[in-house]
Amino acid sequence: MKSFKLLLLPIVMGSLLLTACGEKSETTSAKTANSDVATAKTNNQLETKFLTVATGGASGPYNIIATSLTELYNQLYGVNAKTQTTGASVENLNLLAQKKVEMAFVMSDALKDAVNGTGNFKQPIDNVTQIASLYPNYVQIASSAKSNIKDINDLRGKRVAVGAQGSGVEVAARSLLNGFGITYNDINVDYLGYAEAADALKAGKLDAAFLTSGIPNASLMELGQGFDLSMVSIPTDKLNEIAKTNNLFIPMDIPANTYGNASAVPTAAILNALVVRKDLSENDVYQITKTFFENLDKLKIAHRAATDIDPQRASQNLVAPLHPGAKRYYDEIGKK
């Protein structure tokens, strides 16, 4: 029996030693993690090591602006910042909910659906917060001058591209058409992104296409070379009626000469939104927001749409809850 106890003693001692080492290791890891966070705050670095920004089509303003933005984040913070080309708003919000991206550009109408769990979203997305309201996305309905399509009411019976399926473009197109009493049963629908829609128009496979983005849209600019492009109007009086029940639509004009149009074209616009995951730290989102607004000049060079981004208005017309890190930035510059 004594011999057995002597044999058991090293095992017990070893077990106690391993337990002590494990507890010490866990304590050390916790201290290291806390130290990393403290160092990041002190050195104005980011706690997250990855910053993937969901955008949209490769030729769209989302992607162009975000590419310049991620280059800045890489240079300033040394994080693995990159863009992800997607089908835009709805897909971006789902990626955010799945924690596959940290940040996204989306349209306010899709964001409203995501927050409320309506439209393309079966349940509310509760891990999304907003950094800013951005520039307006103009609903640009393109056609050929030969088609004789003058305004949105003329789309009945026509073959129309409404954007990639489930995209913010498609959400806006469906909503606007419904406002004018036009359903998808009244038109021949094609689900095409910017570049594909422009190519189909040029090939004569479409009568019209919705391209909802900042202006100018690169695909429309390219299409205008050697194509008799005509921009379809959305009557302001009817749009004002629609806005009474859907206040996300704002009457605006596509300025004259944007696409060779001799006069301004009345249309609808929807504000874009910059969103982040709710679980990103206050310090990280503060730095992300601050860097975004302090480098607007660089973003304006990347795409003209960024000229309509104003930090003094960016905390207005929010659709999702404001992230505490973004609120800290607005408070700092004197905006509540």
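Residues numbered from 1 in each chain as written. Predicted model: local features only at pLDDT ≥ 70, side-chain atom pairs only at ≥ 80, totals over all residues. Heavy atoms only, no water.

Another point: helix H8 (residues 236-243). Every buried residue of H8 is listed here: Leu239, Ile242 and Ala243. For H8, the arc enclosing every buried residue in end-on projection is 100°, short of the 170-degree limit, so these residues lie on one face. The inward-facing, buried residues of H8 abut helix H5 (168-179), strand S9 (250-254) and strand S10 (265-277). (Buried < 20%, exposed > 50% of the residue type's maximum accessible area, 1.4 Å probe, protein only. Helix = DSSP H or I, 4+ residues; strand = E, 2+ residues; numbered from the N terminus. Arc of directions from axis to C-beta. Contact = heavy atoms within 4.5 Å.)

With 80 residues, the main nonpolar core has Tyr73, Met103, Leu155, Phe210 and Phe292 as its most contacted residues. If one sorts the elements of this core by residue count, strand S4 (residues 128-144) sits on top with eight residues. Excluding its chain neighbours within four sequence positions, the residues that come into contact with tyrosine 73 are Leu51, Gly78, Val79, Ala81, Met103, Ile288, Thr291 and Phe292. Grouped together as the second largest cluster of nonpolar side chains are 18 residues, Phe121, Val128, Ala273 and Val275 included. (Core = buried A, V, L, I, M, F, W, Y, C linked by side-chain atoms within 4.5 Å.)

If you trace the backbone, threonine 258 turns up in the loop between S9 and S10. The exposure class of threonine 258 is buried, given its relative accessible area of 11%. C-alpha of threonine 258 to C-alpha of leucine 220: the two residues are 38 residues apart in sequence and 9.8 Å apart in space. Residues within four places of threonine 258 in sequence aside, it is in contact with Ile215, Pro216, Met221 and Arg304. Engagement of the side chain of threonine 258 in a polar contact is seen with the backbone oxygen of proline 255, the distance being 2.6 Å. (Polar contact = N/O pair within 3.5 Å; in protein donor to acceptor, adjacent residues only side chain to side chain.)

With that settled, the discussion passes to the side chain of threonine 86. Within the element layout of this structure, threonine 86 appears in the loop between strand S2 (80-84) and helix H3 (89-97). A distance of 3.3 Å separates the side chain of threonine 86 from the backbone oxygen of threonine 55, its partner in a polar contact. Setting aside anything within four residues of it in sequence, one finds threonine 86 in contact with Ala54, Thr55, Gly56, Gly57, Glu91, Asn92 and Leu95.

What follows deals with the pairing of strand S3 (residues 103-107). In terms of residue burial, S3 counts as a mostly covered element, since five of its five residues are buried. Burial of the side chains of S3 extends over both faces: Met103, Phe105 and Met107 are buried on one face and Ala104 and Val106 on the other. By the bridge criterion, two bridges tie strand S1 (residues 50-54) to S3 in an arrangement that is parallel. Its bridge partner lying in S3, valine 53 is registered against methionine 103. Looking at chain direction, S3 and S10 are connected through five bridges and run antiparallel. If you follow methionine 103 over to S10, its bridge partner there is valine 276. (Pairing = 2+ DSSP bridges.)

Coordinates in, geometry out; function isn't part of it.
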